[in-house]
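Structural features, examined
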Amino acid sequence: MNLLLALLLFFSSPDDKIKIKEPWMRISAEGQSTALFMKIENTGDKADTLYKVECDFSGRVEIHETYKEGEMMGMREVPFIVIPAKSTFELKPRSHHIMVIKLKKDIKKGTTEEFTLYFKQSGKMKVKATAQEMQMQKMEHKH
């Protein structure tokens, strides 16, 4: 009986090689967009891939990166993010992030919402993020 219980626990335990740390999102208004940020830690021996994110309070969710070409900066959708083995990948402002588009409600400071993350190796994972104000970086001014 103990062996059976041990085997059940071994095979049914969730894959915890991916850990989500410090999830947060920008405050925003209904009809607008916000962004989701977090640190994704991969403690496993193999790379894993975040390929989709969903939530029920927006029209669309996309994985984005910020890029710079010459003097121009912009954002573009990317199909996935690879999190190398034994490393942490940070989604942060002005870098990789999750765009949450066409909000169905206001996202006020302190609001907590749930997202579903989809990884190729680790499968589906739920995460809750709390809304906060984004600290603006000082822009460098050149003449």
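Keep in mind that this is a model prediction, so the values were computed, not measured.

Another aspect to go through is a nonpolar patch on the surface. Judged by side-chain polarity, Tyr51, Phe80 and Val82 come together as a nonpolar surface patch covering roughly 260 Å² of accessible area. Tracing the backbone shows Phe80 in the loop between strand 5 (72–77) and strand 6 (81–83).

With that out of the way, let us pick up the confidence of the model for the protein. In the predicted model, the protein carries a mean pLDDT of 88, and 84% of its residues have values of at least 70. This stretch, residues 138–143, has a pLDDT under 50; its non-local contacts, to residues over four places away or in other chains, come to zero contacts.

Quick look at unusual backbone geometry now. With phi around 55°, Lys86 is a residue other than glycine that occupies positive phi space. Within the secondary structure, Lys86 is located in the loop between strand 6 and strand 7 (87–91). Positive phi, normally seen in glycine, also occurs at Arg94, with a value near 60°. Structurally, the position occupied by Arg94 is in the loop between strand 7 and strand 8 (97–103).

Among the nine residues of strand 2 (residues 34–42), eight are classified as buried, and the element is accordingly described as predominantly covered. Examined bridge by bridge, strand 1 (residues 18–26) and strand 2 share six bridges and lie antiparallel to one another. Residue pairing in the sheet places Trp24 in a bridge with Phe37 of strand 2. With three bridges connecting them, strand 2 and strand 8 associate as antiparallel partners. Of the residues in strand 8, the one forming a bridge with Ala35 is Met99. Bridge count for strand 2 against strand 7 is five bridges, and the pairing is antiparallel. Directly across from Met38, in strand 7, lies its bridge partner Leu91.

Moving on to the side chain of Asn42. With respect to the helices and strands, Asn42 occurs in strand 2. A polar contact of 2.9 Å, which involves the side chain of Asn42, links it to the backbone nitrogen of Gly44. Not counting residues within four places of it along the chain, the set of residues in contact with Asn42 comprises Lys17, Ile18, Ala47, Asp48, Ile83, Pro84, Ala85, Lys86 and Ser87.

With that settled, the discussion passes to the nonpolar core. Counting 27 residues, the largest nonpolar core has Ile40, Leu50, Phe57, Ile98, Phe115 and Phe119 as its most contacted members. Counting residues per element, this core draws most heavily on strand 10 (residues 123–132), which supplies four residues. Beyond its immediate chain neighbours, meaning those up to four positions away, Ile40 contacts Ile18, Lys19, Ile20, Leu50, Ile83, Ser87, Thr88, Phe89, Leu91 and Phe119.

What follows concerns the pattern of salt bridges. Inspection of every chain in the model, using the stated rule, returns nine salt bridges. In this structure, Glu41 engages Lys21 in a salt bridge whose closest nitrogen and oxygen atoms are separated by 2.7 Å. Within this pair, whereas Glu41 is found in strand 2, its partner Lys21 is found in strand 1, the two being separated by 20 residues in sequence. Judged by its relative accessible area of 19%, Glu41 falls in the buried class. Ionic pairing is found between Lys126 and Glu114, a salt bridge with its closest N-O pair at 3.9 Å. Of this pair, Lys126 sits in strand 10 while Glu114 sits in strand 9 (residues 112–119), and the two are 12 residues apart along the sequence. One continuous salt-bridge network, built from bridges that share partners, spans Glu65, Glu69 and Arg76.

Conventions and cut-offs
Residues numbered from 1 in each chain as written. Predicted model: local features only at pLDDT ≥ 70, side-chain atom pairs only at ≥ 80, totals over all residues. Heavy atoms only, no water. Patch = residues over 30% accessible without salt bridge, like charges linked within 9 Å, V, L, I, M, F, W, Y side chains within 5 Å. Areas by Shrake-Rupley, 256 points an atom, 1.4 Å probe, with all protein chains shown as cover. Salt bridge = Lys/Arg side-chain N within 4 Å of Asp/Glu carboxyl O. Helix = DSSP H or I, 4+ residues; strand = E, 2+ residues; numbered from the N terminus. pLDDT = per-residue confidence, 0-100. Contact = heavy atoms within 4.5 Å. Buried < 20%, exposed > 50% of the residue type's maximum accessible area, 1.4 Å probe, protein only. Pairing = 2+ DSSP bridges. Polar contact = N/O pair within 3.5 Å; in protein donor to acceptor, adjacent residues only side chain to side chain. Core = buried A, V, L, I, M, F, W, Y, C linked by side-chain atoms within 4.5 Å.

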